[in-house]
Amino acid sequence: MSFTLVEKANSRSYSLAPTPGESFITIQYLMTWSDASTQPTEAQILSAAGAPPSRIASAIYTGNAYLKTMVIREVSIEPIRERQNAWLVTHRASTRNGTPTDNSVGQYCTCTRATVVRSTAMYRSGPTFPTNGTVTFSGAVDIAGDKVDTNGKPKVYDVPQQLVTIETQYDRTLPQASPAAEPLWSVYTSYVGTRNSAVFLGFPIGTLLYQGFQTAPEDNYYRMSHTFLYDAWYHLDQIPCPNPTGEPILTAGVSIGSPAVPILQVKDVVYLQRYDTLSAFSGILAAVDLTALTSPKPLAIA
């Protein structure tokens with residue numbers, strides 16, 4: 001006693017959407033019971049019809065890379081009244097891995113940006129920035145520029161920044177029958193607090209800081225967001241050279257007012273870099289992940 005599951009002719013229908021949208025295939029089967037003298041139990045019927053989530057039958061995908069990514073999300077079973085021990089079984093499967101002509105995994109990537117500012121102390125305007133924002137605090141030299149402090153009190157300056165969030169998708173079940181490893185959580189974490197060692201998304205070396213990631217499951221996928229922060233000052237802070245008591249060393253500065261009143265100004269100012277390490281962000285996002293940003297589709301019609 002057994003069930004036979006045969007796909008109905010021309011039963012397949014498709015609904016396609018670009019990544020990360022969900023594309024569907026609907027397949028219908030005729031399921032029959034081999035023994036006319038007995039009735040199968042409900043448990044046997046449910047078991048034979050298949051249950052979500054599971055991969056579609058090998059007879060359906062037959063080596064097609066796109067169809068291999070399909071996962072059965074819904075199964076419906078309807079008895080055929082005109083026939084004994086026969087049922088119409090419908091499998092509705094879906095994938096978020098592109099389309100039949102573009103099912104490359106990992107090529108979904110979006111980028112959102114927002115301007116923000118960092119309020120910080122400014123003792124010098126128009127200073128000289130060190131190459132890539134890399135400094136050695138010990139033995140640091142004066143940053144030059146125009147003195148703008150008043151008796152050691154700095155101006156408050158809003159450093160232009162840009163908050164960059166990149167979202168990708170990770171299929172944690174591929175390849176079939178051999179689940180992929182989890183995303184590189186510890187590797188991503190090791191990049192937190194480091195700056196870019198190469199131009200990344202057009203941002204100069206040393207200006208982009210990796211702040212971390214967020215992830216959430218969606219079906220058999222992870223939706224991942226990586227957050228970066230651009231800083232026009234290379235994430236540097238201006239620090240006045242202090243005397244032994246910790247107060248800035250002052251020297252004669254400009255005169256202001258009428259009659260002119262001489263004021264004191266900080267003698268030497270150096271940079272403090274809180275994020276010393278430079279990293280290749282290709283360890284977070286490979287070139288293939290950024291294809292959707294650098295080569296958006298479809299092409300414009302000339």
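Residues numbered from 1 in each chain as written. Predicted model: local features only at pLDDT ≥ 70, side-chain atom pairs only at ≥ 80, totals over all residues. Heavy atoms only, no water.

A. Representation of the environment of L208 within the structure. Its location among the elements puts L208 in strand β12 (residues 208-218). In this structure L208 comes out as buried when scored by relative accessible area, which is 0%. Spatially, the C-alpha atoms of L208 and L184 are 21 Å apart, while their sequence positions differ by 24 residues. Every residue in contact with L208, bar those within four places of it in the chain, is listed here: T194, R195, N196, F200, F203, F228, L229, Y230, H235 and F281. (Helix = DSSP H or I, 4+ residues; strand = E, 2+ residues; numbered from the N terminus. Buried < 20%, exposed > 50% of the residue type's maximum accessible area, 1.4 Å probe, protein only. Contact = heavy atoms within 4.5 Å.)

B. Looking closely at the packing of aromatic side chains. All chains considered together, the criterion is met by 17 aromatic pairs. Taken together, a centroid distance of 5.3 Å and an interplanar angle of 15° make the contact between Y157 and W233 stacked. Placement of the pair is Y157 in strand β10 (residues 155-171) and W233 in the loop between β13 (221-231) and β14 (236-240), with a sequence separation of 76 residues. For Y157, a relative accessible area of 29% puts it in the partly exposed group. Assessed through its relative accessible area of 6%, W233 is described here as buried. One aromatic cluster is present, built from ring pairs that chain together F129, Y157, W233, Y234 and Y271. If you follow R92 out to its NZ or CZ, it ends over the ring of F24, 4.0 Å from the centre. (Phe/Tyr/Trp six-rings, centres within 6.5 Å; stacked < 30°, edge-to-face > 60°. Lys NZ or Arg CZ within 6 Å of the ring centre and 35° of its normal.)

C. Quick peek at the pairing of β10. By the bridge criterion, 14 bridges tie strand β7 (residues 109-122) to β10 in an arrangement that is antiparallel. Following the sheet pairing, T115 is matched in β10 by Q162. (Pairing = 2+ DSSP bridges.)

D. Spatial organisation of unusual backbone geometry. Put simply, T19 and P20 share a cis peptide bond, and its omega is 10°. Tracing the chain through its elements places P20 in the loop between β2 (13-15) and β3 (23-33). The peptide bond linking P52 to P53 adopts the cis configuration, its omega dihedral lying at -10°. Tracing the backbone through its elements, the reader meets P53 in the loop between α1 (42-49) and β4 (54-55). Positioned with a positive phi, N151 is a non-glycine residue whose angle comes to about 50°. Residue position: N151 is located in the loop between β9 (146-147) and β10.

E. Representation of a nonpolar patch on the surface. A cluster of nonpolar side chains, contributed by V254, I256 and V261, occupies part of the molecular surface with about 230 Å² of accessible area. Position of V261 among the secondary structure elements: in strand β16 (residues 261-266). (Patch = residues over 30% accessible without salt bridge, like charges linked within 9 Å, V, L, I, M, F, W, Y side chains within 5 Å. Areas by Shrake-Rupley, 256 points an atom, 1.4 Å probe, with all protein chains shown as cover. Salt bridge = Lys/Arg side-chain N within 4 Å of Asp/Glu carboxyl O.)

F. Quick peek at the pattern of salt bridges. Within this structure, the stated rule accounts for 12 salt bridges. The closest approach of N and O atoms between E218 and R96, which form a salt bridge, is 3.4 Å. With E218 in strand β12 and R96 in the loop between β6 (86-95) and β7, the pair connects residues that are 122 residues apart, well separated along the chain. Look at E218 and you get partly exposed, because its relative accessible area is 25%. For R96, a relative accessible area of 10% gives the class buried. With a closest N to O distance of 2.8 Å, R118 and D237 form a salt bridge. Of the two residues, R118 is situated in strand β7 and D237 in strand β14; the sequence distance between them amounts to 119 residues. Classification of R118 as buried rests on a relative accessible area of 13%. Classification of D237 by relative accessible area gives buried; the value is 14%. The network of salt bridges with shared partners includes E22, R73, R96, E167, E218, D219 and R223.

G. The arrangement of the confidence of the model for the protein chain in detail. Summarising the model, the protein chain shows a mean pLDDT of 89, and 95% of its residues fall at 70 or more. The spread of mean pLDDT over the elements of the protein chain runs between helix α5 (residues 291-294), the lowest at 78, and strand β11 (residues 195-196), the highest at 98. (pLDDT = per-residue confidence, 0-100.)

H. Up close: the environment of G193. Position of G193 among the secondary structure elements: in the loop between α4 (185-191) and β11. C-alpha separation for the pair G193 and G212, spaced 19 residues apart in sequence, amounts to 8.2 Å. Contacts of G193, omitting those with residues within four sequence positions, involve L209, Y210 and Y275.

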